[in-house]
Amino acid sequence: MYLNDPSIPSTLHSPSDFYASLLQTSLKTRDPIAGKSIHARVIKSGLHLGVFLLNNLINFYAKSGLISDANRLFDEMPIKNTFSWNTILSAYAKQGRLDTACLIFKEMPERDSVSWTAMIVGYNQMGRFENAISMFLEMISARIPPTQFTFTNILASCASLEALNIGKKVHSFVVKLGLSSYIPVANSLLNMYSKSGDPKTAKAVFDRMRLRSTSSWNAMISLHTQSGRLDLAVAQFDQMLERDVVSWNSMIAGYNQHGFDLEALVFFSKMLKESDVKPDKFTLASVLSACANLEMLKPGKEIHAHIIRTVVNACEPVRNALISMYCKSGGVEIARKVVDRSTTANLNVISFTALLDGYVKIGDINPAREIFDSLKDRDVVAWTAMIVGYVQNGLNNDAIELFRSLVNEGPKPNNYTLAAMLSACSSLASLDHGKQIHASALRLGEHSSVSVTNALITMYAKAGSIEDAKRVFDQVSWNRDNVSWTSMIIALAQHGLGLEAIELFEKMLAFGIKPDHITYVGVFSACTHAGLVEQGQNYFALMQNIHKIEPTPSHYACMIDLFGRAGLLEEARDFIEKMPIEPDVIAWGSLLASCNVRKNAELAAIAADRLLVIDPENSGAYSALANVYSACGRWEEAAKTRKLMKERRVKKERGVSWVQIKNKVHVFGVEDGLHPQKDEIYKKIAELWKEIKKMGFVPDTEAVLHDLDEELKEEILSHHSEKLAIAFGLISTPEKTTLRIMKNLRVCNDCHSAIKFISKVVGREIVVRDVTRFHHFKDGLCSCGDYW
């Protein structure tokens, strides 16, 4: 068998030494059959009762993975020494069978450094880091000196837990025992300090090292890349005499993770050209991620070709990175082929979710749903991706239906799922659905998540319940970010609470929360709806001079709207002419809307003309100009404008209002006669019309922009879409409850006046959301103070 093996020393003094050497050779060659044959020879030779040889046999079986054979031999041993106990203990600990290892450890008559270290290694390998640390502290209390192997493992546990205080105490033992110069221990200290957030001490350890391995340098590079100091990482990388694949991977991954994806690709190219180191799965996953972030299909394909050409094992992370790269770079069909050709069972959820996301991003929902339905083990990421896809493509009802299925049959929704669903409810302005999602968030313990909180504020605000939005904001005072403050400021502005919005903004600044460009859109909107022209101008200066935010087209449009709504049309025009950027559709549209309100036909014609140069298909420009002419009694010019609109085949947006009753949305147009309860609705509106006229309401017949007699104008006014929606809501809901109406256009003057009277007649709050803001009508008054 091994009798002529030249690796076996010829000077062995006893048969036991000879057989022990054969067992070591069997271990090296990983030949368990040979080991068992040696065991048989030992028994035949009558040497099977010797402690030395039995210990070698137990060690052979344990390291060969035959732990039951090792355990049987151990039990049969007539005499056991500490080595025997340590061997069987280590076998169970390394296999993760820690309950059995603990029993053996407790039964041991004597324990040495190896015994304690075996338990620490077992706990560390199984991720039970707290147990490893507890075992180490007990070892110190028992006055058992740790070895360098003990320290490397316990420092790894401290690093995993980011337990800096305990790690520092371990470091003091290392110094006391004179093990600081051992490279593996020093590297473990480097790793612990790096992962525990103490780069200063990590650098001090590195600087004191007389001898450094490649791992030492890699630890420092990793430390710098993790903290975003890529300049220091490059400097460290350039000083290295020998680099391995980890060195290159640390640099490439560092660039990729900190948004320097182009630099990651350049470094990868350098790796291929200037070194003999071959990329591994981690290299390829990072560079494919960089291509995905940059949406660069061509280099992504070249990397794919490199993988095929060099026969690199396209393991799960690489294959998933390939799929993600193709999906994000517009190659979703190629990604589908990569998935179809895969035979790896573990790919299912991760890769299919990436593919699903790819189809969702290009708006191709049907194949995305087919893929989703084909998944065998759908995790919460897959469910959330599909729900987000529906929301992003405006299919909010589908998102709600899928969420119901998730609650009934799927995994537990997470904060991303809930935030997506709240976004859907915001788009639908569905308070009932939103409250159900809020209840789900409370049940799942996700209500305090920042993303869910911010989505709740927006949902309640868009659904017309500003009080609920305030309540959510107040409840998370300890967990607010910039988005929370901004969401609440915008919500208050949309509901006409401009002064409250400004007060909240000032409080935000006092707390040291830095506003961004979206915050300022909310601030300017608040000033606009409250008529705070001078304050808005001051904030415009603050944004540029103090917070160094360059105005965007949205900011300029807000300022134009601020001047226009206050009746300062010439100031608005002057502001447009002095803008450093070309006015866009929104800017000219804001001026045109103000001209419409103020009946300034000359300036309206200029604004409409400039708007139509940018967007010839803009129906709002034609309608607004025609309305201005009509309001000024210039019927001929109004007719010409409408005729021009018809000739150019520009379709006018139809004004509609809707109300949600018992999870069903009811939509109404002007003079709508399609609703199944139309007779009841028109009867109710007739009753309301009589009641409010008795109270002093005078119909604003000038709001009918056609040359008709007064009686016909009044009839048309009474049948505006929002009035029909209110009438239906009143006959379909209990008394004293709040009624919430949505409208796709701006509320007209007549409806605004009428709804104030209706709110007093019926004794209800009526909340109307139009295209620009919310109106809260109660007791004959509106929250906007008639300034909108």
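Rules and cut-offs
- Residues numbered from 1 in each chain as written.
- Predicted model: local features only at pLDDT ≥ 70, side-chain atom pairs only at ≥ 80, totals over all residues.
- Heavy atoms only, no water.
- Domains from an automatic or database assignment.
- Salt bridge = Lys/Arg side-chain N within 4 Å of Asp/Glu carboxyl O.
- Helix = DSSP H or I, 4+ residues; strand = E, 2+ residues; numbered from the N terminus.
- Buried < 20%, exposed > 50% of the residue type's maximum accessible area, 1.4 Å probe, protein only.
- Pairing = 2+ DSSP bridges.
- Right-handed = clockwise from strand over helix to strand, strands pointing away.
- UniProt positions renumbered as here; feature names shortened; annotations may be inferred.
- Expected span 1.5 Å × (residues − 1).
- Arc of directions from axis to C-beta.
- Contact = heavy atoms within 4.5 Å.
- pLDDT = per-residue confidence, 0-100.
- Patch = residues over 30% accessible without salt bridge, like charges linked within 9 Å, V, L, I, M, F, W, Y side chains within 5 Å.
- Areas by Shrake-Rupley, 256 points an atom, 1.4 Å probe, with all protein chains shown as cover.
- Lys, Arg positive; Asp, Glu negative; His and termini not counted.
- Charge placed at Lys NZ, Arg CZ, Asp CG, Glu CD.
- Phe/Tyr/Trp six-rings, centres within 6.5 Å; stacked < 30°, edge-to-face > 60°.
- Lys NZ or Arg CZ within 6 Å of the ring centre and 35° of its normal.

Going by an unreviewed UniProt entry, the protein carries the name Pentatricopeptide repeat and comes from Macleaya cordata.

Draft legend 1. Seen up close, the domain arrangement of the protein. Domain annotation for the protein reports domain 1 (551-652) and domain 2 (656-782). Using only C-alpha atoms to locate each centre, domain 1 and domain 2 end up separated by 27 Å.

Draft legend 2. Just the pattern of salt bridges, in detail. By the definition in use, this model includes 19 salt bridges. Across the salt bridge formed by Lys 470 and Glu 467, the nearest N and O atoms sit 3.6 Å from each other. In this pair, Lys 470 and Glu 467 are both assigned in helix H28 (residues 466-475), 3 residues apart and thus about one turn of the helix distant. Between Asp 786 and Lys 756 there is a salt bridge, and its shortest N-O distance comes to 3.0 Å. Within this pair, whereas Asp 786 is found in the segment after strand E6 (781-782), its partner Lys 756 is found in helix H42 (residues 749-762), the two being separated by 30 residues in sequence. Residue classification places Asp 786 among the partly exposed residues on the basis of a relative accessible area of 44%. Judged by relative accessible area, which is 15%, Lys 756 ranks as buried.

Draft legend 3. Examining the pairing of strand E3 (residues 739-743) more closely. Within E3, 4 of the 5 residues are buried, leaving the element largely enclosed by the surrounding structure. Bridge analysis of strand E1 (residues 656-661) against E3 gives 2 bridges, and the strand direction is antiparallel. By the bridge assignment for E3, Ser 657 is matched with Lys 743. Here E3 pairs with strand E4 (residues 766-769) via 4 bridges, running parallel. If you follow Arg 740 over to E4, its bridge partner there is Val 767. For the crossover from E3 across H42 to E4, the handedness is right-handed.

Draft legend 4. Fine view of the UniProt feature "repeat: PPR" (unreviewed entry) in the protein. UniProt's feature table lists "repeat: PPR" (unreviewed entry) at residues 81-111, 112-146, 213-247, 348-378, 379-413, 481-515 and 618-652, given in the numbering used throughout. Helix and strand shares over residues 81-111 are 74% and 0% respectively, and the end C-alpha atoms of the span are 11 Å apart. Each end of residues 112-146 is marked by a C-alpha atom, and these two atoms are 9 Å apart; helix forms 74% of the span and strand 0%.

Draft legend 5. Examining the environment of Glu 550 more closely. Mapped onto the fold, Glu 550 is located in the loop between helix H32 (533-545) and helix H33 (553-565). As a C-alpha pair, Glu 550 and His 517 span 33 residues in sequence and 8.2 Å in three-dimensional space.

Draft legend 6. Quick peek at helix H36 (residues 601-614). For H36, built from 14 residues, the straight-helix expectation of 20 Å at 1.5 Å per residue is met to within 8% by its first-to-last C-alpha distance of 20 Å. Within H36, burial applies to Ala 601, Leu 603, Ala 604, Ala 607, Ala 608, Leu 611 and Leu 612. The buried residues of H36 all sit within an arc of 165° when viewed along its axis, so they share a single face. Looking at H36, the residues exposed on the side facing more than 90 degrees away from the buried face are Glu 602 and Val 613. If you follow the buried residues of H36, they end up packed against helix H34 (569-578), helix H35 (585-598) and helix H37 (619-631).

Draft legend 7. Inspection of the confidence of the model for the protein at higher detail. The pLDDT averaged across the protein works out to 87; a share of 91% of its residues lies at or above 70. Counting interchain partners and residues more than four positions distant, the pLDDT-below-50 stretch residues 1-12 has 23 contacts.

Draft legend 8. Just a negative patch on the surface, in detail. Side chains of Glu 671, Asp 709, Glu 710, Glu 711 and Glu 715 sit close together on the surface and give a patch of like negative charge. Position of Glu 671 among the secondary structure elements: in the loop between strand E2 (664-669) and helix H39 (678-694). For Glu 671, a relative accessible area of 36% translates into the label partly exposed.

Draft legend 9. Region of the structure containing the packing of aromatic side chains. In this structure the tally under the stated criterion is 22 aromatic pairs. Between the aromatic rings of Phe 505 and Tyr 520, the centroid separation amounts to 5.4 Å while the plane-to-plane angle is 65°, which identifies the pairing as edge-to-face. A residue pair is termed long-range when its members are at least 10 positions apart, and Phe 505 in helix H30 (residues 498-510) and Tyr 520 in helix H31 (residues 517-530) qualify at 15 residues. In textbook terms, an aromatic cluster arises when at least three aromatic residues are bridged by ring pairs, as seen for Phe 505, Tyr 520, Phe 524, Tyr 539, Phe 540, Tyr 556, Phe 563 and Phe 575. One Lys or Arg, Arg 111, reaches over the ring of Phe 105 and ends 4.3 Å from the middle of that ring. The ring of Trp 485 carries the charged tip of Arg 480 above its face, separated from the ring centre by 5.1 Å.

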